[in-house]
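The residues making up each chain are set out below.
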Amino acid sequence: MYRAWIHFLATRLPSRCEVCHAWPARPVCEPCVNRFAPPVTRCPRCAIGLPAGVGVGACGACLRQPPAFDECHAAVDYAYPWAGLVGRFKFGGEPGWAAALAARMREHEGMARALDAAQLVLPLPLAPRRLAERGFNQALQLARHLAPGKVDAHLLLRVRETAPQSALDRVERLLNVAQAFAVDPLRAHRVQGRDIALIDDVMTSGASLDAAARALRQAGAGRITALVFARTAVPSH
Ligand SMILES: [Zn+2]
Ligand SMILES: [Zn+2]
């Protein structure tokens, strides 16, 4: 009984840092944020981490072949402890993490600026089968916390089932998602000339965001900014 009570307290009390277990705290306490989310110099086009002192120019991959979006920001690197928290959010049935992850995104200066400038905030749509498995779209949950009044979850559509990106190499990833997204033809006028923020939780190769931005570009979108919670260190293209 006593053990059960301790377990109940440990799992239900919201005021303990989930990383270092300090009390009292936000879901992740300030010292842990400072320790695990230091400012990182990133490529302005794809948000890949760049060695300090490189300057603010685009990375080599983006110089050769820029992505379809104009700008990209990531709040943190996809590493400890953030990768584990994203896993709990997405796969552990804990959609409540959306608020905390979105709060970290909002604290990023470039991201806050892009969210304020955007006229439309669009979550990257999940394939229907994934949505049915998970029960929620993590990108939509984040978008709703980031800019509740600007979110439209029905403009950008996932029109083709694709193999899970994690099983594929870089070239396969690009081909896999090339035709996966479309703008709803009946509502395409809503994106014309608009500044758009495209939201996802994790960016790995960037192939999905690139394909989605391409569909928006074809529909006449204005400036497109990709905003993700976490960025892996894998080169984007
Ligand atoms: Zn902590
Ligand atoms: Zn880049």
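Remember, it's a predicted structure, so these values are computed and weren't measured experimentally.

A. Spotlight on the domain arrangement of the protein. With domains assigned, the protein is organised as domain 1 (1-36) and domain 2 (42-231). Between domain 1 and domain 2, the C-alpha centre-to-centre distance is 29 Å. If you look at the interface, domain 1 gives five residues, while domain 2 gives four residues.

B. Spatial organisation of the nonpolar core. Ranked by internal contacts, the top residues of the largest apolar core, which has 59 residues, are V121, I196, L198, I199, A212 and L216. Looking at this core element by element, the count peaks at seven residues for helix 10 (residues 207-218). Those residues in contact with V121, other than ones at most four positions away along the chain, are L115, A143, L146, A147, K150, V151, A197 and I199.

C. Quick look at the pairing of strand 5 (residues 196-203). Judged by how many residues are buried, strand 5 sits mostly within the fold: seven of eight residues are covered. Direction of pairing for strand 2 (residues 120-123) relative to strand 5: parallel, over a ladder of four bridges. Paired with V121 across the bridge in strand 5 is A197. As judged from the seven bridges shared by strand 5 and strand 6 (residues 224-231), these two strands associate in the parallel manner. Across the sheet, residue I199 finds its bridge partner in strand 6, namely L227. Handedness of the β-α-β unit built from strand 5, helix 10 and strand 6 comes out right-handed.

D. View of the environment of P125. Turning to its location among the elements, P125 is positioned in the loop between strand 2 and helix 7 (128-134). Residues P125 and L50, 75 residues apart in the sequence, show an inter-C-alpha distance of 29 Å. In contact with P125, not counting residues within four places along its chain, are N137, L156, L157 and R158.

Analysis parameters
- Numbers given for residues are sequential positions, taken from 1 along each chain in its written order.
- A letter from A marks each chain and a number from 1 marks each ligand, given out in the order of writing.
- The predicted origin of the model limits local features to residues at a pLDDT of at least 70 and limits the giving and counting of side-chain atom pairs to 80 or more, whereas totals for whole chains, interfaces and linings rest on all residues.
- Annotation comment: domain bounds sourced from an automatic or database domain assignment.
- What counts as a contact here is a pair of residues whose C-beta atoms, placed from the backbone, lie within 7 Å.
- Here, a nonpolar core means buried Ala, Val, Leu, Ile, Met, Phe, Trp, Tyr and Cys residues linked by C-beta atoms lying within 7 Å of one another.
- Any residue surrounded by 20 or more other C-beta atoms within 10 Å of its C-beta is treated as buried, while 12 or fewer makes it exposed and the intermediate range makes it partly exposed; C-beta atoms here are placed from the backbone.
- Helical segments are the DSSP runs of H or I of at least four residues, strand segments are the runs of E of at least two, and each set is numbered from the N terminus.
- One requirement defines pairing of two strands: DSSP has to find at least two bridges between them.
- By convention, orient the strands away from the viewer: a clockwise path from the first strand over the helix to the second makes the crossover right-handed.

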